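Summary of the model geometry
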Amino acid sequence: MASQLTNNQLLLKECIKQEYEDATGYSDMNNYFEHFAASQVLKDFNLSDEEIDNGNSGGGNDGGCDNLYVFLNDELITADQIENLNAARGSYLDFYILQAKNVTSFGEDAIMKWKTVSDNLLNMSNALESYIERYNETTIEAFGIFRDAMAKLVRSQVKVRFFYYYITLGTEVHPNVEGQASELKNIIKKYYPSSEVKVIFVTADQLMDMYNTDSEIRVNLDLADQPISLSENEYISLVKLGTYFNFITDENNNLRKSFFEANVRDYQGRNSVNSSIADTLEGSGNEDFWWLNNGVTILSTDIKLITNKSLQVVNPEIVNGLQTSREIYNYFSDKLEKIDEDKRTILVRVIKPESEESRDNIIFSTNNQTSIPKSSLRVTDTIHLQIEMYFKNRGLYYDRRKNYYKNQKKKASDIISVSFLAQCLISLVLRKPDFARARPSTLLTDEETYKFLYEENQELEAYYKAAKIGRKIQNALKSNESMSNTEVNDILFYVIYATVADKMKKKELSFSDIKELDLESITNEEVLSVANRIYEKYKELGGNSRIAKSKTFIEDVYSLFEL
C-alpha cells in the first residue's frame, strides 16, 4: 500500500498544477517543475523568469544538471561577460547546479550523475569539446563559463563555492543518498581543494516554506539619533556602520542582492575609489566615517517611523552608495566581532518617491555626479518609462524595474524584459539575430545601436508589436517538444525576423513596417512552418550555438525565404 502524502506534498502538487496551467512555454508539468524549483531556490538572487529558464539544460544528456548558474558576488554571469570580467580580491565565485524531480523521493542516481559530470567537466585538464557527444550544449557551456571565470579571475584569489541542490516532493533522505553526496564533495575537493562544497536536499516542507516567503520586504533600520524629516516621506540620519551592515545582510550574513537591483552601477572591484573607502574603514584616524564619505540613498515604497530612532523600510532599494555598501559588507564579513563595538557612522537618506518619474530622477541625479557610462543609466531614460506605460495599457508589462511585475504576480508570458525587447528590435530592424543571441547581457552598451533603437526611432506601437510577436513566437517554440531549450534559444531570433520578413515580403524591415504589422494575421501554423525550415538548416550546419552566433547564418535564412 502506498504511503499517504503529507499536507505539504498535496498542496505543492496542486500549486504546481495550477501554476503550470497558467504558464505558457513549458512542454509538460515535469518541465515546469524544474522552473518552479529553480525559482524558489534562487529567490534571493532576484532572477527574472527569462534568466531562470536560460539556465535550464532542457532534455537529456544533462549529466543530472537540470539548471546551472554561475554567480560572481551574487551577480549572474553569462558567456558574453567573461571578456571584461573583473573582481576584487576575495570575491565569491559560486556555481549552482540543480536537479529537480517531480516525485516524492530522493534517489542515488541523480548524485551519481553529478559525480560523473563533475569529475569530467570540472577537471580543467579535460577539453570540454571532447564531451559534446555525451552532454548537451547548455551543460557544457555552463561548466565552460565557470572554468573561464576561474581562469580570468585567477589573480583575484576568488573564493570558490559549489552548491548542488536536489529538489523533490520527498520528505526524507536515505543514508545511501547522503553517502553519495559525501563522495561528490570529495570529487570536487580533488580539483578545488580550498573550495566550499554544499549538497542540499530540498524536501516538500522546505520547498513550501520557500514558496510562502513574502516577496515584500520589510526591514527595520535603527538610527544613531533622531532623524531629520520635513515629511513622512523623507528621513535623513546617521546610522552606525555595524547596524548598516546588519541592514544590508540576511540572517546568514549574506548580502541582500535585491536591495541593490535598482542601482545602476555594478560593483567596480578594487579600483581607486573603492580602495580609498576600504582604507578609510581600516584606518585608525579620529575622523568619523561619515565625514569622509557621501553616504547612501535608499528608496522605499513605504517608510514608517517605529520609534524616534528606528524606521521600518518597505522594499528598500539602495540607488546610490553601492560601492560604499559593498566595502562595508567586505569589511565586516571578516570582522563580525566588530559589528557591535564599531561606533563610527554613515549618513543615510531614506526617501519614498511620489511618482515613478521622481524615482527615476533620483536614480539618475544621484548617479550622474561621478563618471558612469551612460549605458548604465539607460533604463531611466524617458523613452523606457513611455514604453512601460504604453505596454501596460495593452496587457504587457515592460520590466524596466527588474521583477517589479513578477513580484506583483503578473503572468510571466506578459512580462517583457528590457533585454528581450532589445533582442527583438535588433533582430527585426538591424537584421542581427546572431548579435541578439550572442550578447544578451551587453546589448545596449553600444552607443550607436542604442541611439538608433531608442532615440532616433521612438515608435511606441512598433516597440509593442515587436515585443508581442517576439513573445508569441517564443511561446510557440517553447511548446514544441521536438526542440530542446538550447535549440529554441539558438533559432528564436532568426524565426522572429524571418516570420515578419516573410509575411511582409521584405528583407529590410523598418520601424514603420513593424508598426503596420497585423499581428492577428500571423498564425501559430505559420510560425512553426518558418521555424521548422530554419531548424532543419540549423541542424544541417551542425545544430549548435556556434552556428546561431555566427554572422553568416542570417545569409542562409535569407536564401531559405528568398529575401
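See the structure shown above.
Residues numbered from 1 in each chain as written. Predicted model: local features only at pLDDT ≥ 70, side-chain atom pairs only at ≥ 80, totals over all residues. Heavy atoms only, no water.

**Some remarks on the overall build of the chain**
Within the chain one finds 22 helices and 15 strands. Over its C-alpha trace the chain gives a radius of gyration of 25 Å, about what one expects of a compact globule, namely 24 Å for 563 residues. Its C-alpha atoms give the chain principal-axis dimensions of roughly 75 × 60 × 50 Å. Burial analysis of the chain (563 residues in total) assigns 52% to the buried set. Sequence-distant contacts in the chain: of pairs separated by 6 or more residues, those separated by 24 or more amount to 73%. (Helix = DSSP H or I, 4+ residues; strand = E, 2+ residues; numbered from the N terminus. Rg over C-alpha atoms; globule rule 2.2 N^0.38 Å. Buried < 20%, exposed > 50% of the residue type's maximum accessible area, 1.4 Å probe, protein only. Contact = heavy atoms within 4.5 Å.)

**Notes on the nonpolar core**
With 62 residues, the main nonpolar core has Phe391, Leu421, Tyr454, Tyr463, Val495 and Ile534 as its most contacted residues. A per-element tally of this core places helix H18 (residues 485-504) first, with 11 residues. With near-sequence residues (within four places) excluded, tyrosine 454 lies in contact with Ile383, His384, Ile387, Val418, Leu421, Ala422, Leu425, Leu444 and Tyr463. If you look at the next biggest cluster of nonpolar residues, it comprises 42 residues, including Phe95, Ala110, Ile145 and Tyr164. (Core = buried A, V, L, I, M, F, W, Y, C linked by side-chain atoms within 4.5 Å.)

**Some points on the environment of valine 160**
By the secondary structure assignment, valine 160 is in strand S4 (residues 159-167). With relative accessibility at 10%, the residue valine 160 sits in the buried group. Counting along the chain gives 36 residues from valine 160 to glutamate 196, while the straight-line C-alpha distance between them is 6.5 Å. The contacts of valine 160, once residues within four sequence positions are left out, are Leu93, Phe146, Met150, Ser195 and Glu196.

**A few points about the packing of aromatic side chains**
One pass over the structure, following the stated rule, counts 38 aromatic pairs. Ring centres of phenylalanine 45 and phenylalanine 71 lie 4.0 Å apart, and the angle between their planes is 15 degrees; on these two criteria the pair is classed as stacked. Note that phenylalanine 45 is positioned in the loop between helix H2 (29-41) and helix H3 (49-54) and phenylalanine 71 in strand S1 (residues 67-72), a separation of 26 residues in sequence. Neither phenylalanine 45 nor phenylalanine 71 differs from the other in exposure class; each is buried. When the ring of phenylalanine 162 is compared with that of tyrosine 192, the centres are 5.4 Å apart and the planes differ by 50 degrees; the resulting orientation is tilted. One end of the pair, phenylalanine 162, is in strand S4; the other, tyrosine 192, is in the loop between helix H6 (175-191) and strand S5 (196-202), with 30 residues separating them in the sequence. (Phe/Tyr/Trp six-rings, centres within 6.5 Å; stacked < 30°, edge-to-face > 60°.)

**Observations concerning the packing of H18 against helix H22 (residues 553-560)**
The geometry of H18 relative to H22 is characterised by a closest axis approach of 11 Å and an angle of 35 degrees between their N-to-C directions. Of the two possible hands of crossing, H18 and H22 adopt the one that is right-handed. Where H18 abuts H22, its residues Tyr494, Tyr497 and Ala498 lie against Phe553, Ile554, Val557 and Tyr558. (Axes fitted to C-alpha atoms, helices over the stretch in contact; angles between N-to-C directions. Left-handed = near helix turned anticlockwise from the far one by under 90°.)

**Description of the environment of arginine 349**
Within the secondary structure, arginine 349 is located in strand S13 (residues 345-351). The spacing of arginine 349 and isoleucine 228 is 121 residues in sequence and 9.5 Å in space, taken between C-alpha atoms. The residues touching arginine 349, leaving out its near neighbours within four places in the chain, are Tyr235, Ile236, Asn294, Gly295, Val296, Thr297, Ile298 and Asn320.

**Points about the layout of surface pockets**
As a volume, the second largest pocket reaches approximately 830 Å³. If you go around the second largest pocket, you meet 29 residues; those closest to its centre are Ile132, Asn136, Glu137, Ile140 and Asn544. Breaking the lining of the second largest pocket down by element, the ones donating at least two residues are helix H5 (137-152), H18 and helix H21 (545-548). For the lining of the second largest pocket, the element with the most residues is H5, which contributes 6 residues. Per-class residue counts for the lining of the second largest pocket are 8 nonpolar, 13 polar and 8 charged. (1 Å grid on protein atoms, 1.4 Å probe; cavity = no way out; pocket = protein on both sides within 12 Å on 5 of 7 lines; lining within 4 Å. Points joined across faces, edges and corners; volume = space filled by probe spheres on them. Nonpolar A, V, L, I, M, F, W, Y, C, P; charged D, E, K, R; others polar.)

**A word on the pairing of S5**
Bridge count for S4 against S5 is 7 bridges, and the pairing is parallel. Looking at the pairing, tyrosine 164 lines up with valine 199 of S5. Remark: the S4/H6/S5 crossover connection has right-handed handedness. (Pairing = 2+ DSSP bridges. Right-handed = clockwise from strand over helix to strand, strands pointing away.)

**Topic: the pattern of salt bridges**
Scanning the entire structure with this criterion turns up 22 salt bridges. Between aspartate 302 and lysine 352 there is a salt bridge, and its shortest N-O distance comes to 3.8 Å. Of this pair, aspartate 302 sits in strand S10 (residues 302-307) while lysine 352 sits in the loop between S13 and helix H11 (356-367), and the two are 50 residues apart along the sequence. (Salt bridge = Lys/Arg side-chain N within 4 Å of Asp/Glu carboxyl O.)

**Notes on empty space enclosed by the protein**
The final tally for this structure, using the stated rule, is 1 cavity of 30 Å³ or more. Roughly 50 Å³ of volume is contained in the largest cavity. Gly25, Tyr26, Asn31, His35, Asp53, Asn56, Lys478 and Asn485 together form the lining of the largest cavity. A per-class count over the lining of the largest cavity returns 1 nonpolar, 5 polar and 2 charged.

**Examining helix H1 (residues 7-22)**
For an α-helix, the turn length of 3.6 residues means that residues three or four places apart are oriented alike. Here H1 contains 16 residues, and its C-alpha end-to-end distance of 23 Å stays within 8% of the 22 Å for a straight helix at 1.5 Å per residue. Buried residues of H1: Gln9, Leu12, Cys15 and Ile16, and no others. Each buried residue of H1 sits inside an arc of 125 degrees when the element is viewed along its axis, so together they form one side. Pointing more than 90 degrees away from the buried face of H1 are the exposed residues Asn7, Leu11 and Glu21. (Expected span 1.5 Å × (residues − 1). Arc of directions from axis to C-beta.)

**Thoughts on the sheet that holds strand S2 (residues 75-76)**
The strand order across the open sheet built from 5 strands is S2-S1-S3-S4-S5, with neighbouring strands paired in mixed fashion. Unpaired on one side and paired on the other, S2 and S5 mark the two borders of the sheet. Judged from the 9 bridges that link them, strand S3 (residues 92-100) and S4 form a sheet pairing that is parallel. Residue pairing for S4: leucine 98 is matched across the bridge by tyrosine 165. Strand contacts of helix H4 (residues 108-121): S3, S4 and S5, with the helix running at about 150 degrees to S4, the strand carrying the most contacts. Along the sheet, H6 makes contact with S4 and S5, crossing S5 at roughly 155 degrees.

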